[in-house]
Amino acid sequence: MTDPTMRERVTGRPLLHAHPSQPPVPYSVPVSLLSDADDLQGLALEETPVCLRTGLGNVVKQSRNKARMAKYTYVIADPSETDKYSQKLMSRADADALIARQTAYIEEKGRLLEVRGFLGVGPRAVPVQWLYTPEAANIAAMQRIMAFAPEAVIADASTFAPRFRIVYTPDLRLDDMPGGQAIIVDLENFRTHIIGPDYFGESKKAALRMLNALSYADGGLTLHAGAKLVHLGDQNLTMTVMGLSGTGKTTTTFSRQGTLTQPVQDDMVTLWPNGELSVTENGCFAKTYGLTAKSEPVIHAGTTSAQAWLENVYIDEQGQPDFFKAELTPAEVARHRDMLVETGAPAENVDRYAAGEVSIADVSDERGVLHDGWEFVKWTANGRSIIPMSQVEDAADLHNLPPVRTMGILNRDEGADAFTPGIVRFTSPAQAAGYFMLGETTKTSAAGKDVGKTRSPFTQPFFPQAFGLQAGRFRELAATMDGVDLWMMNTGYVGGDGKSVENGDGYKVKIRHSSAMLEAMLDKSIVWRRCPHMGYELVDVDAAENQALLERVPAHILDPERFCGDKCLADAHAAWVQRMKDERRAFLESYAVDADVIEAVCG
């Protein structure tokens, strides 16, 4: 499956053999290798700004960046090569100038923290070295949890030789760069320099982004997907679940489908020929907004353990996390004044709000979107926790996974025209490749002000090469996977949103609905029918064999056209079908996707 021609077309050079391992650390400062003997919580509390211990016994960091900053990410390449990459480009000369400034900053700080670990286990594991200036102590501790320790992967940890290197300096601000920050990706040398962001996601994604390039060059495809081990009688198989942030990928990965499933990974895995799967991380980076022990018991238990690390989770006066915090009162803003200002809120605005001079209504538009400089009055909904896999109940054995035989994508649909069925089955690898390429969902509060329906190729903002390559590679791999089931699930709404559902219009696809649909699909008890409009297969709500599923999931979720007929929305549904086909065709054509893939989706 390795394609040297494709590999060279991506970067103009053979990736795999350019630099099999990293050269010695180029900085003349002491480097402290973090180990189990270190008090990592104490180190973070001492070195990291706006970091405190919670009443749970774990540590929380409030960061300036509330999410990963793709718009400040640059791949080193000639500016004429934009067709080869999915992200912004930076010339080698400009990148070297910024890297030199980072080097000077490291020399001034006088010390580095080192984390050594692997992406994955087994023969496909990739050794990675992360280097941090001391103010990133919390990120180093979190990364150490997520990476597989060298001694768990190789017989002699002293032989560790990193293929990837990440250098991270959160408090070096680049005043002459957009946003005061830059993430510089050097695919030729497999190094990433992170300058300015203080968000953990940049650390983990730096390694995973380079893994995308490496695995593609070697004939695989790294997926932005969770994975589960599925037990079907005497047969075991692996399921992957793709999805953008906020679609419920982590929730779906860690929710139980009866006794059928065990969690494997929640974020990224690599698919190889014949359904072979390699994992990447030894923990999960979970969203915490709305977290309850009832809705997500595994994530809640892990998040509230002393072993977890928290980021941007609201902590109340008693030191306890509030996973539902939204609007802040003037008194709460006053109590958190120093933290808010230190993480970027304008001091004048903070003081005016704390004094009661302005209200939320005064500083937001009619949609409730806050004006620039006032975002602090609503707590970010992108709070996160790092949970070690050792804290995940009933996790699968990551060393011995069966082949992938079921692959799905999550689409969190929402709004008056949310007509995506609860679950559909694709009829061919070409059709699945098209929908995976579309990566449709509705942006949630994690996306900041840019909300609404969106598309992202393969839900994959971390694939550094041209996005269109993913559809072709997926089809190559799917052709080697006999009997693979390919599907899509709506984790949002049918015919509405939160407010309309409260008023009795539309349906929320709840976690219990998702679990019921997955269980029925996995045990192959669903009778399907072909959708005459979209070409994929729907649950046949009139089939007697589906009665057990209909007792758990409303028919209107399984077949939104039935909902539209009952609500006199047939014309709205027809308009939605045509609009989706037109938009999807334009999107796929913009990435030069094969014509038969486009027809399988839009024909």
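A quick note: this is a predicted structure, and the numbers were derived from the prediction, not measured.

Criteria and cut-off values
Residues numbered from 1 in each chain as written. Predicted model: local features only at pLDDT ≥ 70, side-chain atom pairs only at ≥ 80, totals over all residues. Heavy atoms only, no water. Buried < 20%, exposed > 50% of the residue type's maximum accessible area, 1.4 Å probe, protein only. Helix = DSSP H or I, 4+ residues; strand = E, 2+ residues; numbered from the N terminus. Pairing = 2+ DSSP bridges. Contact = heavy atoms within 4.5 Å. Axes fitted to C-alpha atoms, helices over the stretch in contact; angles between N-to-C directions. Salt bridge = Lys/Arg side-chain N within 4 Å of Asp/Glu carboxyl O. 1 Å grid on protein atoms, 1.4 Å probe; cavity = no way out; pocket = protein on both sides within 12 Å on 5 of 7 lines; lining within 4 Å. Points joined across faces, edges and corners; volume = space filled by probe spheres on them. Phe/Tyr/Trp six-rings, centres within 6.5 Å; stacked < 30°, edge-to-face > 60°.

K.L.:
Before we move on, can you summarise the pairing of strand β7 (residues 126-132) with the specific residues and values?
P.N.:
The element β7 is largely enclosed, with a buried count of seven among its seven residues. Here β7 shows a buried face lined by V126, V128, W130 and Y132 and a second buried face lined by P127, Q129 and L131. Relative to β7, strand β6 (residues 112-119) runs antiparallel, the two being bridged by seven bridges. Residue pairing in the sheet places R116 in a bridge with Q129 of β7. Counting the residues between successive antiparallel strands, the hairpin from β6 to β7 contains six residues, one of them, G120, with a positive phi of roughly 90°. When β7 meets strand β8 (residues 164-169), the two strands line up parallel, connected through five bridges.

K.L.:
Let's hear about the sheet that holds strand β11 (residues 221-223): which residues, and what values?
P.N.:
Overall, antiparallel pairing links the three strands, which are arranged β11-β15-β16 in an open sheet. Of all strands in the sheet, those bounded by a partner on one side alone are β11 and β16 (277-278). In terms of strand pairing, β11 meets strand β15 (residues 269-271) through three bridges, oriented antiparallel. Across the sheet, T222 pairs through a bridge with T270, a residue of β15. Packing of helix α6 (residues 200-217) onto the sheet brings it into contact with β11 and β15, and relative to β11 it is tilted by some 145°.

K.L.:
Tell me about the pattern of salt bridges, and please be specific about residues and values.
P.N.:
For the coordinates displayed, the defined rule picks out 36 salt bridges. E281 is the salt-bridge partner of K204, the closest N and O atoms lying 2.8 Å from each other. With K204 in helix α6 and E281 in the loop between β16 and β17 (283-287), the pair connects residues that are 77 residues apart, well separated along the chain. Just as K204 is buried, E281 falls in that class too.

K.L.:
Residues and numbers for the layout of surface pockets, please.
P.N.:
Gaps between atoms show up when a probe of the same size as a water molecule is rolled over them. In this model, the second largest pocket occupies a volume close to 460 Å³. As for the second largest pocket, its lining consists of 21 residues, and the residues nearest its centre are L34, S35, D36, R144 and A149.

K.L.:
Tell me what's going on with the sheet that holds strand β21 (residues 384-388), and back it up with residues and numbers.
P.N.:
Strand order in this open sheet of five strands is β2-β3-β18-β21-β17, and the pairing throughout is mixed. Looking at which strands have only one partner, the edges of the open sheet turn out to be β2 (51-53) and β17. Each neighbouring strand pair of the sheet contributes to a mean axis angle of 20°, computed without reference to strand direction. Relative to strand β3 (residues 59-61), β2 is paired through three bridges, and the arrangement is antiparallel. Of the residues in β3, the one forming a bridge with R53 is V59. Helix-sheet contacts for helix α3 (residues 40-47) involve β2, β3 and β18 (309-311), and the interaxial angle to β2 is about 135°.

K.L.:
Please give an account of helix α12 (residues 429-438) that cites residues and values.
P.N.:
For α12, the buried fraction is high: nine of the 10 residues fall into the buried class. Following α12 by one or two positions, G439 has its phi on the positive side, about 55°.

K.L.:
Before we move on, can you summarise the packing of aromatic side chains with the specific residues and values?
P.N.:
Applying the stated criterion across every chain yields a total of 20 aromatic pairs. Pairing F118 with F160 gives two aromatic rings, centres 5.6 Å apart and planes at 85°, and the pair type is edge-to-face. In this pair, F118 sits in strand β6 while F160 sits in the loop between α5 (137-146) and β8, placing the two residues 42 residues apart along the sequence. Each member of the pair F118 and F160 is classed as buried. Between Y435 and Y536 the ring centres are 5.8 Å apart and the planes differ by 55°, which places this aromatic pair in the tilted class.

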